[in-house]
Each structure stands twice: as C-alpha cells, then as structure tokens.
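If you want the building blocks of each chain, they are given just below.
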Amino acid sequence: MDNDTFEQQMRDLEYFHSLRLLPGVWVVIRLDGRSFSGFTASSKFDKPFDLRFHELMVQTTSSLLEQLQGIYAYTESDEISLLFRPNWDFFDRSLEKVVSISASIASATFTHACGTIVNFDSRVWLGASKSQVVDYFRWRQADATRCALNGWCYWTLRSSGASEAAATAALEGQSTAFKNELLFQHGINFNELPTWQRRGVGLYWEEYEKEGFNPIENKAVVTKRRRLKVDEELPMKDAYGDFIRCFLDAEKAAD
Ligand SMILES: Nc1nc2c(ncn2[C@@H]2O[C@H](COP(=O)(O)OP(=O)(O)OP(=O)(O)O)[C@@H](O)[C@H]2O)c(=O)[nH]1
Ligand SMILES: [Mg+2]
C-alpha cells in the first residue's frame, strides 16, 4: 500500500470529523461542570449558593463569549449557554471543534482562576426559529428558578438539623407554594434572595464611548467601543423572552 492510500485510509476513520452544524440555524453551546456536586462540596463552597463560585462561573462565561464571539450567554449553577448567530462560522462549523474547544476553554479558564482542576462537558443545540431560541433560554431560566427554590429548601432543612434522607423526603412531590412557605417559616423570603440566584445571569456586548486623543489633528476624539456587560438583574418569564428576542431581532438573519 502506498503512503497516500494509507494516509487516506487512516483519515477516513476520523469518522465524525466532517460533521458540520446545519447551515443557517441558531447555535447554542451548553457547557456543564463535570461532577461539580462533589467538587463544590470538597472545595467548601457555601450551599446552596456561593459568591466565589458564582464569580468563577461568570469569569468562565466571559472568556467563552469573548473567544468564541457569541452574541449572548446565560449561566446558572454549573452550566453555561452560549448563543451564536446563524451565520457563525468559527471552525468551519465543525461539531467536533465546537464542542472540544468550548469545553477546553471553559475547563482551562475555571481551573486557572480557581486553582483546582475541573472539567466541563459541551453539547450543541440547534434552533430553526427565533421562537425556539426564546423557548430555549426560558427553559434554562425556569430550571434555574426551580433548582434555586429546591436548593434553598433542602439546605435550610439540613442546617436546621434534618438528615439527608429526611430533607429529601420532606420536599418530595411538594408544590412551589409549599416550598415558598417552608422558607418563609424559616425567615427566608425567596423573592428577596439575590436575583442572580433565582434567575441566572446574562452576559452580552454593550457599546460605550471612549475618549481618546488624535495627535495628528491635535484634538480629542470619541470612539465607540464594545465591552461585555454582566447582567445580574435579568427579567423573568415573558419579559425574559422579550429580552432574548431583542438579541435575535438585532441580527439580520431571517426567522
Ligand atoms: N456549594 C455550591 N454548589 C454549587 C453551586 N452551584 C452549583 N453547585 C453544585 O453543582 C451541581 C450542579 O448539578 P449537576 O450538574 O446536576 O451535578 P454534577 O455533579 O455536576 O453532575 P454532572 O454534571 O452530571 O457531572 C449542584 O448540584 C451543586 O452541587 C454553588 O453556588 N455552591
Ligand atoms: Mg454538572
């Protein structure tokens, strides 16, 4: 067998390498921390929410949005969703590249900032219409709210002496109203907890004016720059859907 044939045979077995994201659709990459239940417990992060952990996730999300040039990002708990315009063409839309490089940026950024080695997994979601993208982000936000309520109830019961099994059993099958009331009985008003805990955090680009000096014309000039905004006061439900739609409508892509 000649070298070229051998080379081709080996390359052909890189079976998934030619897979591309469908053209012309919205792309969301979702990353999730691997075994973060164990990691957050052994690293002694506060339960159910820890400010330093939250900041590490925001830093990781910023790095992904900057390096991959997404248009919006959302983070809650140990997960991150990144939205890309339909004509996004990083890595020639190669699926393997998109998931492996995004997971490696997240793992490296978090590990570097935290000093403990962590891993993220990564997957791709495709949206054929703007309304699907709106539904996607509303879905993740609803998950954040549900998990925040459950987490607060669980750890409130645990810190008042309940065992793991008793706290789990006390919440099993209970309604949202019951859980809100349980917290209230322990002096916690769920609606007054920090918004980032209940609704997650959004990151997006904003324009700002930067004053500079033009030495040739010898005068001050104002230029437009963009920077990442970290929004810890996201709206919720329908209003969050409208908020997401603004990012989509700002793109030229057709629905
Ligand atoms: N202490 C603490 N833990 C957190 C915080 N945010 C997220 N976590 C942990 O991260 C976990 C995320 O849930 P999962 O992604 O389902 O659990 P996982 O252990 O990462 O499992 P896999 O993703 O399947 O590998 C939560 O269950 C919490 O244990 C936080 O602010 N403080
Ligand atoms: Mg996880």
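Structure's up top.
Here we summarise the structure given alongside this text. Predicted model, so just to flag it, every value in this text is computed and none were measured. (Residues numbered from 1 in each chain as written. Chains lettered and ligands numbered in written order. Predicted model: local features only at pLDDT ≥ 70, side-chain atom pairs only at ≥ 80, totals over all residues. Heavy atoms only, no water.)

1. A closer look at the side chain of Ser-122
- By secondary structure assignment, the location of Ser-122 is in strand β4 (residues 120–127).
- Within the local environment of Ser-122, its side chain forms a polar contact with the side chain of Ser-102, the two groups lying 2.8 Å apart.
- In this structure, Ser-122 is in contact with Ile-29, Arg-30, Leu-31, Val-98, Val-99, Ser-102 and Ala-103, ignoring residues within four places of it in sequence. (Helix = DSSP H or I, 4+ residues; strand = E, 2+ residues; numbered from the N terminus. Polar contact = N/O pair within 3.5 Å; in protein donor to acceptor, adjacent residues only side chain to side chain. Contact = heavy atoms within 4.5 Å.)

2. Overview of the side chain of Thr-60
- Within the element layout of this structure, Thr-60 appears in helix α3 (residues 51–68).
- By relative accessible area, which is 0% here, Thr-60 ends up buried.
- A distance of 2.8 Å separates a polar side-chain atom of Thr-60 from the backbone oxygen of Leu-56. (Buried < 20%, exposed > 50% of the residue type's maximum accessible area, 1.4 Å probe, protein only.)

3. Notes on the pairing of strand β6 (residues 219–231)
- Of the pairings in the sheet, the one linking strand β5 (residues 201–214) to β6 comprises 13 bridges and is antiparallel in character. Each bridged residue has a counterpart across the sheet, and for Leu-203 the counterpart in β6 is Val-230.
- Here β5 folds back onto β6 in antiparallel fashion, the turn holding four residues, of which Asn-218 has a positive phi close to 55°. (Pairing = 2+ DSSP bridges.)

4. Quick notes on the coordination of the magnesium ion (ligand 2)
- Only Asp-32 (OD), Gly-33 (O) and Asp-78 (OD) from the protein reach the magnesium ion (ligand 2) as donors, at distances of 2.1 Å.
- Viewed at the metal, the six donor atoms of the magnesium ion (ligand 2) are separated by angles of 79 to 177°, and the geometry they form is octahedral.
- Ordering the donors of the magnesium ion (ligand 2) by residue number gives the pattern D-G-x44-D. On the criterion of sequence distance, the pair formed by Gly-33 in strand β1 (residues 26–33) and Asp-78 in the loop between β2 (72–76) and β3 (79–84) is long-range, its members being 45 residues apart. By the burial criterion, Gly-33 is buried, and Asp-78 matches it. (Donors = N, O, S within 2.8 Å, 3.2 Å for Na, K, Ca; no water. Tetrahedral: all angles 85-135°; square planar, octahedral: opposite > 155°, others 65-115°.)

5. Here we look at the sheet that holds β4
- Spatially, six strands are ordered β4-β1-β3-β2-β5-β6 in an open sheet, and the strand pairing comes out antiparallel. Of all strands in the sheet, those bounded by a partner on one side alone are β4 and β6. Between one strand axis and the next, the sheet turns through 25° on average, direction left out of account.
- Along the sheet, helix α4 (residues 95–114) contacts β1 and β4; its crossing angle with β4, the most-contacted strand, is approximately 135°.
- Contacts between helix α5 (residues 130–159) and the sheet are confined to β1, β2, β3 and β4, with β2 contributing the most and set at about 25° to the helix. (Axes fitted to C-alpha atoms, helices over the stretch in contact; angles between N-to-C directions.)

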